[in-house]
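Architecture and fold: a report
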Amino acid sequence: MMKKTPKTIFILFIFLTLGGLFGYTVSSSLHSIDKSKSILKALKENCNCKEINQVLYATGIQYGKNGLSTEKGEYELIDCEFSSLKKEVERIQQILNNKIDNFNQVDLLEFDFINGKNSKTVIIKKGIIQ
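Residues numbered from 1 in each chain as written. Predicted model: local features only at pLDDT ≥ 70, side-chain atom pairs only at ≥ 80, totals over all residues. Heavy atoms only, no water.

Attention now moves to helix 2 (residues 85-99). With 15 residues, helix 2 should cover 21 Å at 1.5 Å per step; its first-to-last C-alpha distance of 21 Å lies within 8% of that length. Looking only at helix 2, the buried set comprises E88, V89, I92, I95 and L96. Projected down its long axis, helix 2 shows its buried positions confined to an angular sector of 125°, all on one face. Structural note: helix 2 exposes K86, K87 and N98 on the side pointing more than 90 degrees away from its buried face. (Helix = DSSP H or I, 4+ residues; strand = E, 2+ residues; numbered from the N terminus. Expected span 1.5 Å × (residues − 1). Buried < 20%, exposed > 50% of the residue type's maximum accessible area, 1.4 Å probe, protein only. Arc of directions from axis to C-beta.)

Attention now moves to unusual backbone geometry. In this structure, N102 is a non-glycine residue whose phi angle is positive, near 55°. With respect to the secondary-structure elements, N102 resides in the loop between helix 2 and strand 3 (108-115). With phi around 50°, K126 is a residue other than glycine that occupies positive phi space. With respect to the helices and strands, the residue K126 is situated in the loop between strand 4 (118-125) and strand 5 (128-129).

Direction of pairing for strand 1 (residues 49-64) relative to strand 2 (residues 67-80): antiparallel, over a ladder of twelve bridges. Bridge pairing links C49 to C80 in strand 2. With seven bridges connecting them, strand 2 and strand 3 associate as parallel partners. From the neighbouring strand, K72 faces strand 3, where its bridge partner is L108. (Pairing = 2+ DSSP bridges.)

With that settled, consider the confidence of the model for the protein chain. Scored by pLDDT, the protein chain has a mean of 85; 82% of the residues are at 70 or more. Across residues 28-32, where pLDDT falls below 50, the model places six contacts with residues more than four positions away in sequence or in other chains. (pLDDT = per-residue confidence, 0-100. Contact = heavy atoms within 4.5 Å.)

Relative to the assigned elements, Q62 resides in strand 1. When the C-alpha positions of Q62 and K72 are compared, they lie 8.5 Å apart, and in sequence the two are ten residues distant. Once residues within four sequence positions are removed from consideration, Q62 is found in contact with G67, L68, S69, T70, E71 and K72.

Put into structure tokens, the structure is as follows:
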């Protein structure tokens, strides 16, 4: 029988923690793939833009200029037709909230609206426009 020394307990704790993080990352990645495809599809179906691109959709622990996140998406919306950026972002937020399961659990979404030489980035954190 193995002795349970403090060193053995510490090593066991480290392995269990790493295993838990790995399991969390794998399961959240599998679920997020569907979310990223659904977000892109909803944008393409509901926005009047010449082009919509998914630049990034990442899961796992990340830290950037907008803080800590475990799920982050970045999208480019190019040459879109709308009268007010604020109203358009509110409309997109409502569409995504209605069409994407657990939309309010996505840590960070960045939308880059590019029209000609002008560019404006809008951020939605946990379903709330920043």
